[in-house]
Amino acid sequence: MLLVAVLCGWAAYPTKALASTLAVISLSQQRMEVSVNGVPVYDWPVSTARRGYVTPRGSFRPIRTERMWYSRKYDMSPMPYAVFFRGGYAIHGTQYVRSLGRPASHGCVRLRTANAAAFYRLVRQHGMRNTRIVITR
């Protein structure tokens, strides 16, 4: 009985609805559009895989976040505000801002570091389970 009373009492408190974050990355346009609960909030240039490399297409959920990561595969290259979505593939900041808007990476999705920080904060705030990353041609 006590358990039922506790559960009923808990149910009386309003719960906060979790926000849904969607990042859509267009490989052909080299852009990333971010929306929260269906409302567009950001539209940024990106760099994805250059010739000889691949940025995977599909729909993903983040699998981990790292405030600062260094690529062991590519000479300890810095990957600030990394949001990993498939194996070693991540959305992350870059210092090579002149390359944004055209393919230039080894497969990751690169953004201006301030933009990567904003996306990282959204993912951390709303949760990886409430974030979807869609990569299209």
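Use the structure listed above.
It should be emphasised that the depicted structure is a prediction, and the values quoted were computed from it without experimental measurement. (Residues numbered from 1 in each chain as written. Predicted model: local features only at pLDDT ≥ 70, side-chain atom pairs only at ≥ 80, totals over all residues. Heavy atoms only, no water.)

The backbone phi angle of Gln30 is positive, close to 55°, even though this residue is not glycine. Relative to the helices and strands, Gln30 is located in the loop between β1 (21-26) and β2 (31-36). Exposure remark for Gln30: the relative accessible area of 3% places this residue in the buried category. The phi dihedral of Tyr81 falls on the positive side, at around 55°, and the residue is not glycine. Taking the relative accessible area as the measure of exposure, Tyr81 reaches 17% and is therefore buried. (Helix = DSSP H or I, 4+ residues; strand = E, 2+ residues; numbered from the N terminus. Buried < 20%, exposed > 50% of the residue type's maximum accessible area, 1.4 Å probe, protein only.)

Our focus in this paragraph is a nonpolar patch on the surface. Together, Val39, Val41 and Tyr42 line one region of the surface with nonpolar side chains, adding up to about 240 Å² of accessible area. Summarising the element assignment, Val39 is placed in strand β3 (residues 39-45). (Patch = residues over 30% accessible without salt bridge, like charges linked within 9 Å, V, L, I, M, F, W, Y side chains within 5 Å. Areas by Shrake-Rupley, 256 points an atom, 1.4 Å probe, with all protein chains shown as cover. Salt bridge = Lys/Arg side-chain N within 4 Å of Asp/Glu carboxyl O.)

Note that β1 and β2 share six bridges and pair antiparallel. Its bridge partner being in β2, Ser26 is matched across the sheet by Arg31. Hairpin connection from β1 to β2: four residues lie between these consecutive antiparallel strands, with Gln30 at a positive phi of about 55°. Two elements, β1 and strand β9 (residues 131-136), share six bridges in a ladder whose sense is parallel. Looking across to β9, one finds that Ser26 is bridged to Thr136. (Pairing = 2+ DSSP bridges.)

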